[in-house]
Amino acid sequence: MTSTPLIPTTATSSAVTSSAATAAAPRPSGASVVTGGDTTGEATPTLRAFDNPPQVAARGTVIVVAGRGEHPGVYERFGTRIAADGYRVRVVGDPSRGEEAAATVTADVRSLLADPDLPAPRVLAGSDAGAAFAAALTATGAVDIDALLLVGLPTADSADSTGSADSADSADFGDSAPSDQARERGAAAPDGQGAPGWTAELEVRTACPAHQARLDADPEVRRGALERPVPAAWLADGDLAAVTVPVLGVHGTADLVSPLGRARARYAAAPRAELVTIEGGRHDALNDATHRSAAAAIVLFLERLRLGADLPTIARWA
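Residues numbered from 1 in each chain as written. Predicted model: local features only at pLDDT ≥ 70, side-chain atom pairs only at ≥ 80, totals over all residues. Heavy atoms only, no water.

**Brief notes about the overall build of the chain**
1) Next: If you tally the helices and strands in the chain, you get 9 helices and 8 strands.
2) Next: Put simply, the chain has 318 residues, and 54% of those count as buried.
3) Next: Intrachain contacts of the chain at a sequence separation of at least 6 include 75% that bridge at least 24 residues.
4) Next: Counting only carbon and sulfur atoms, one obtains 52% of the accessible surface of the chain, whose full area is about 12,500 Å². (Helix = DSSP H or I, 4+ residues; strand = E, 2+ residues; numbered from the N terminus. Buried < 20%, exposed > 50% of the residue type's maximum accessible area, 1.4 Å probe, protein only. Contact = heavy atoms within 4.5 Å. Areas by Shrake-Rupley, 256 points an atom, 1.4 Å probe, with all protein chains shown as cover.)

Encoded structure:
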């Protein structure tokens, strides 16, 4: 097969997305930006911003790459919680939508990293396919960051929510047609109403009933997206053995999309990685029933990173 480029060489600007030409700009010039708050009735933004409260000094920056089928607004709960502790959070879109989306996300990440208003340490984060994309950007040297945060990191043998080893060779990007198995289960039904595949997808994404309801009511969430393989090039390029900055992995022990055992093998290759497992956690640890505990583990990692790249110990369970 022809390997999908991590950073496509061409991209077309649109009314709601930035082009690759914005990479050197202080802000994504074409991106729709919303700072916190409710976006009901608005066009889906391609960038969400969550800032520290005025009374709390900024302590660092976390840039999150959304997962398959998601958009930046899906991370409002996580962004608000982390920002309350003084970290500025920026969430960019889902790169698995296609080459233009991948170029836009790359440009947005680079633009945010160039923004002087976003303080160090700067952490690139991702969930699901966003984690694979973030790992690939970092491992290939496409971005310069202080640390990497990966949630529900996919593996080559866990391409979709069924747990089957569908090869990523079957598609370059997530906008390819869903598998026959997915269509049979109704996961890619246009409206998704009553589709057993969508119900199953909600279940593997999160055990949190509030987040399940939020996804179910969101017309901008792409149903059946977890059936679309993560691009093989991202998995190949995202070799954690090539990542020299500190890495924090957060992974649910009940993740059926990316089984924990396979994910452990990926982290084992990293020179400087720590893996936090969430007992009974599903694929989206940031929005699972235990999202507060996941956020607490992440804040502790961020606080240690502020003390130095060697991550000095702050708290011990003794």
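**Some points on the packing of helix α1 (residues 76-84) against helix α9 (residues 291-307)**
1) Next: Across the interface, α1 lies against α9 with an axial gap of 10 Å and an inter-helix angle of 45°. As judged from the angle between their axes, α1 and α9 are oblique. For the pair α1 and α9, the crossing hand works out as right-handed. Note on element contacts: α9 touches α1 through H291, R292, A295, I298, V299 and L302, opposite R77, F78, R81 and I82.
2) Next: Taken together, the residues that form the contact of α1 with α9 break down as 6 nonpolar, 1 polar and 3 charged. (Axes fitted to C-alpha atoms, helices over the stretch in contact; angles between N-to-C directions. Parallel < 35°, antiparallel > 145°, perpendicular 65-115°, else oblique. Left-handed = near helix turned anticlockwise from the far one by under 90°. Nonpolar A, V, L, I, M, F, W, Y, C, P; charged D, E, K, R; others polar.)

**Focus: the pattern of salt bridges**
1) Next: In the structure shown here, the tally under the stated rule is 10 salt bridges.
2) Next: With a shortest N-O distance of 3.4 Å, E70 and R205 are connected by a salt bridge. Linking E70 in the loop between β3 (60-65) and α1 with R205 in helix α5 (residues 196-205), this pair joins segments that are 135 residues apart in sequence.
3) Next: Take R205: its relative accessible area is 3%, and that puts it in the buried class.
4) Next: Notably, a salt bridge pairs R222 with D94, separated by 2.4 Å at the nearest N-O pair. One end of the pair, R222, is in the loop between α6 (209-216) and α7 (232-237); the other, D94, is in the loop between β4 (87-92) and α2 (99-113), and 128 residues separate them in sequence. This pair shows no difference in class: R222 is buried, exactly as D94 is.
5) Next: A single network of salt bridges, built from pairs that share partners, joins E70, E201 and R205. (Salt bridge = Lys/Arg side-chain N within 4 Å of Asp/Glu carboxyl O.)

**Some words on unusual backbone geometry**
1) Next: Residue P121 is bonded to the preceding A120 through a cis peptide linkage, with omega at 0°.
2) Next: Looking at the element boundaries, P121 is found in the loop between α2 and β5 (122-127).
3) Next: One non-glycine residue, D128, lies in the positive phi region at around 60°.
4) Next: Here D128 is to be found in the loop between β5 and α3 (129-139).
5) Next: For D128, a relative accessible area of 3% gives the class buried.
6) Next: With phi around 55°, L311 is a residue other than glycine that occupies positive phi space.
7) Next: Mapped onto the fold, L311 is located in the segment after α9.
8) Next: Overall, L311 belongs to the buried group, its relative accessible area being 9%.

**Some words on the confidence of the model for the chain**
1) Next: Residues of the chain with pLDDT of at least 70 account for 74%, and the chain-wide mean is 81.
2) Next: Note that residues 36-41 has pLDDT below 50 and, in this model, 7 contacts with residues that lie over four places away or in other chains.
3) Next: A low-confidence stretch, residues 159-194 (pLDDT under 50), is modelled with 81 contacts involving residues beyond four sequence positions or located in other chains. (pLDDT = per-residue confidence, 0-100.)

**What about the side chain of D218?**
1) Next: Within the secondary structure, D218 is located in the loop between α6 and α7.
2) Next: Under the relative-accessibility criterion, D218 is labelled buried at 10%.
3) Next: Here the side chain of D218 touches H71 through a polar contact of 2.5 Å, side chain to side chain.
4) Next: A polar atom in the side chain of D218 sits 2.6 Å from the side chain of R214.
5) Next: Other than its neighbours up to four places away in sequence, D218 contacts H71 and V74. (Polar contact = N/O pair within 3.5 Å; in protein donor to acceptor, adjacent residues only side chain to side chain.)

**Structural notes on the nonpolar core**
1) Next: Within the largest apolar cluster, 36 residues are counted, with the highest numbers of intra-cluster contacts made by V109, L124, L148, L150 and L240.
2) Next: For this core, the secondary structure elements donating two or more residues are β3, α2, α3, β6 (147-151), α7 and α8 (260-268).
3) Next: Residues within four places of L148 in sequence aside, it is in contact with V123, L124, A134, A135, T138, L240, V243, V245, P246, V247 and L248.
4) Next: Ranked by size, the runner-up nonpolar core spans 34 residues in total, among them V89, L215, L248 and A294. (Core = buried A, V, L, I, M, F, W, Y, C linked by side-chain atoms within 4.5 Å.)

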